[in-house]
Amino acid sequence: MQEEFILGINGWSVRGHDASAALIKCKTDGLVEIIAATEEERFSGVKHAYDTLPLHSVQFCLDSAGIKAEDLSVVAVPFEYPKIYETRGLRFDVSDAELRKSLFSNPAQANRPEIFYVNHHLAHAVSAFAPSMSDSSLVMVVDGQGEFESSTIWVVNNKGKQIQKIATSDIGSSLGYFYEALTEFVGFQPNEPGKTMGLAPYGNPEKYRKAIEDLFDVDQCIVKVNGHELKFGLVVGNYLPIDEQQQVRLFWMRKFSEITGMNPNDNTRTYSFRNFPVGYVDLAASGQGVLEEVVWILASQAQALTQLRNVNIAGGVGLNCVANGLIAESGLFNRMYVQPASNDAGTSLGAALEVARQKGYDIHNVPMTPYLGLGYSNQEILRVVARSRYNFIIYDDASRFIADLVANGKVVGLFQGRAEFGPRALGNRSFIADARQAGMQDYINQHVKGREEGRPLAPAIMDLDSVSLFGQVINAPHMTVAYKIRDGLDAVTHVDGTTRPQIVTSDLNDLFYNQLLAVRNIIGKGAVINTSLNLHGPIINTPQQALKLLETTNAKAIVFNNRYVVMRR
């Protein structure tokens, strides 16, 4: 086989979101290596990077490999846009040549690289299977919508050579759009589902549950093999295939008003999660409960039908860590892998991997670290901080300094290595603090992050402390699964007794692991609060942004590459 590079891109000028790019290298031995992956929002500063092509992300990927556009064999797009336009009565007038010209400032050849459109849910599915270290697996994709569907179940066999979609639901039954409408109704922006998930445990999950269940008709939820529909209620009925998102969301907004007797909450106000208007918090709890129920039914029925003991999860709903936690702790599967970029950003990677699979390359057991984004060398960092107005200290190893600050109740920013791919900060672009102190939750929310009081925070925990805190060894490297936690980490234990941990191992992130080990040597636990290095917008991407962030928060210091320490003035 020949060596070739395949670039995956997500993002479009019309109704695009979570724009991203990912680059893979297909080797002569048939194996595949992930070179780089990043979201456009990290470069543009616009959350979710709506309605744009990932131009900065594309250039970053090319630069990471030291190649140019003409060195690419294929650009893979994770939506079948020609089919989408055609079936909705719209004209698709974007030629391959025009797309190449838009993506690359100076394409060398008019007919290269080839443009390949990949089914959206297939891209999600492959993105979750390839890094899962499984030879065969059940794959669940649940999101807002793909081309014509909103949930799909796949069976992958023979090391990824065989991929079969065994069940599908239409857009009218979209769990993603249901949850967007729920999020908007209770008083958040539709693209803030994490807030609804965090709010739900404060409410009564039974208050409106039966009314929502009846609309979803979850008692009729049936999964059948061989392409039969996955049925959990065609709640919307007939809808026009033009803007399904708006129609499904408006349906649910009307139904929530009927169920509760309330109008949508004022999303211009910021409420404490602990004192949220009762009706809305109960609706959040009930809606989250129904989502968990439907996802659980799909997982359990699919497992019963296929008898597979490995499950992979992707799609925007795949970021609902509470629903994932129910599956993980059920014992239904031996192994579960959730793609860290489960949202549409991850489909750029999935599309590239699917093209590689179709070309005959081996896409099973593709090693994936989330640390695939932009990084800075020590020399580059030193140049930035030396030119700043800040005094700085240079350490050979700042781990003990970081641990001392954490032990003394301070918040520390970490900017080190390559940025994470996906919405979670995992130690390389993070604020960390003492997870034992309950008051640290509100301090970070109010004085560091500018967030709602009572909003949950998550921990990073070294693997040595997994058993003592969870009663078991758990594999949770990406903060995508919620688990019940024992006492001792009050700042990250939610009101329902769960937390969303990042379990850190030395092989995945040796630098962060050693920093946690230094914390453990002082306070007795290798555990810290871990929240993203940002203030409202996207996770920061440059050292200049990190210095500016230090001016606007009450963090004590930013530590660059575990070496250069800048203290807040």
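About the criteria used
Residues numbered from 1 in each chain as written. Predicted model: local features only at pLDDT ≥ 70, side-chain atom pairs only at ≥ 80, totals over all residues. Heavy atoms only, no water. Helix = DSSP H or I, 4+ residues; strand = E, 2+ residues; numbered from the N terminus. Contact = heavy atoms within 4.5 Å. Pairing = 2+ DSSP bridges. Axes fitted to C-alpha atoms, helices over the stretch in contact; angles between N-to-C directions. Phe/Tyr/Trp six-rings, centres within 6.5 Å; stacked < 30°, edge-to-face > 60°. Buried < 20%, exposed > 50% of the residue type's maximum accessible area, 1.4 Å probe, protein only. Lys NZ or Arg CZ within 6 Å of the ring centre and 35° of its normal. Core = buried A, V, L, I, M, F, W, Y, C linked by side-chain atoms within 4.5 Å. Parallel < 35°, antiparallel > 145°, perpendicular 65-115°, else oblique. Nonpolar A, V, L, I, M, F, W, Y, C, P; charged D, E, K, R; others polar.

K.L.:
Explain the side chain of S134 to me, please; I cannot follow it from the model alone.
P.N.:
Residue placement: S134 occurs in the loop between helix 5 (120-129) and strand 6 (137-142). For S134, the contacting residues outside a window of four places in its chain are F129, N310, R335, H364 and N365.

K.L.:
Looking at this structure, how should I read the environment of V528?
P.N.:
With respect to the element layout, V528 can be found in strand 18 (residues 527-532). Along the chain, V528 and I461 lie 67 residues apart, while their C-alpha atoms are 6.7 Å from each other. Apart from residues lying up to four places away in sequence, V528 is in contact with V406, I432, A433, A435, A458, P459, A460, L516 and V519.

K.L.:
What's the story with the sheet that holds strand 4 (residues 72-77) in this structure? I'm lost.
P.N.:
Through backbone hydrogen bonds, the strands of a sheet pair up, either in parallel or in antiparallel fashion. Within the open sheet, the 5 strands sit side by side as 3-2-1-4-5. Their pairing is mixed. Whereas interior strands pair on both sides, the edge strands pair on one side only; in this sheet they are strand 3 (32-39) and strand 5 (114-117). Between one strand axis and the next, the sheet turns by 20° as a mean value, whatever way the strands run. Sheet strands touched by helix 4 (residues 96-103): strand 1 (4-10), strand 4 and strand 5. Its angle to strand 5, the strand with the most contacts, is close to 105°.

K.L.:
Just checking my understanding: could you explain the packing of aromatic side chains for this structure?
P.N.:
Enumeration according to the criterion identifies 23 aromatic pairs in this entry. For the pair F188 and F273, a centre-to-centre distance of 6.0 Å together with 40° between the ring planes defines the contact as tilted. Within this pair, whereas F188 is found in the loop between helix 6 (175-186) and helix 7 (193-199), its partner F273 is found in the loop between helix 9 (244-260) and helix 10 (278-306), the two being separated by 85 residues in sequence. We classify F188 as buried; its relative accessible area is 5%. A cation over a ring is seen here: R429 above F415, with NZ or CZ 3.8 Å from the ring centre.

K.L.:
Quick question: what am I supposed to make of the environment of F79 here?
P.N.:
Structurally, the position occupied by F79 is in the loop between strand 4 and helix 3 (81-87). Under the relative-accessibility criterion, F79 is labelled buried at 11%. Distance in space between the C-alpha atoms of F79 and R418 is 28 Å, their sequence separation being 339 residues.

K.L.:
Is there a simple way to think about the nonpolar core in this case?
P.N.:
Generally speaking, nonpolar side chains in soluble globular proteins are found buried as a group. Ranked by internal contacts, the top residues of the largest apolar core, which has 93 residues, are I212, W252, F256, I529 and F560. Residue contributions to this core peak at 11 residues, all from helix 10. When residues no more than four places from it in sequence are discounted, the contact partners of F560 are I381, V385, F415, P543, A546, L547 and V566. Among the nonpolar cores identified, the runner-up in size contains 37 residues, and V32, V156, Y361 and L372 belong to it.

K.L.:
Which parts of the structure should I look at to understand the packing of helix 5 against helix 12 (residues 347-358)?
P.N.:
For any two helices packed against each other, one specifies the inter-axial angle together with the distance between the axes. As a packed pair, helix 5 and helix 12 sit with axes 7 Å apart at the nearest point and diverge in direction by 90°. The orientation of helix 5 relative to helix 12 falls into the category roughly perpendicular. Between helix 5 and helix 12, the residues in contact are H120, L122, A123, H124, V126 and S127 and T347, G350, A351, L353 and E354, respectively. Split into classes, the residues belonging to the contact of helix 5 with helix 12 amount to 5 nonpolar, 5 polar and 1 charged.

K.L.:
Is there a simple way to explain the sheet that holds strand 14 (residues 459-462) in this structure?
P.N.:
Read across the open sheet, the 8 strands follow the order 11-20-19-12-13-18-14-17; overall the sheet is mixed. Strand pairing shows two members of the sheet lacking a second neighbour, strand 11 (392-394) and strand 17 (502-504), which therefore form its edges. Averaged over all pairs of adjacent strands, the angle between their axes in this sheet comes to 30°, without regard to strand direction. Sheet topology note: the strand 12 (residues 412-415)/strand 13 (residues 429-434) ladder contains 4 bridges and is antiparallel. Looking across to strand 13, one finds that L414 is bridged to S430.

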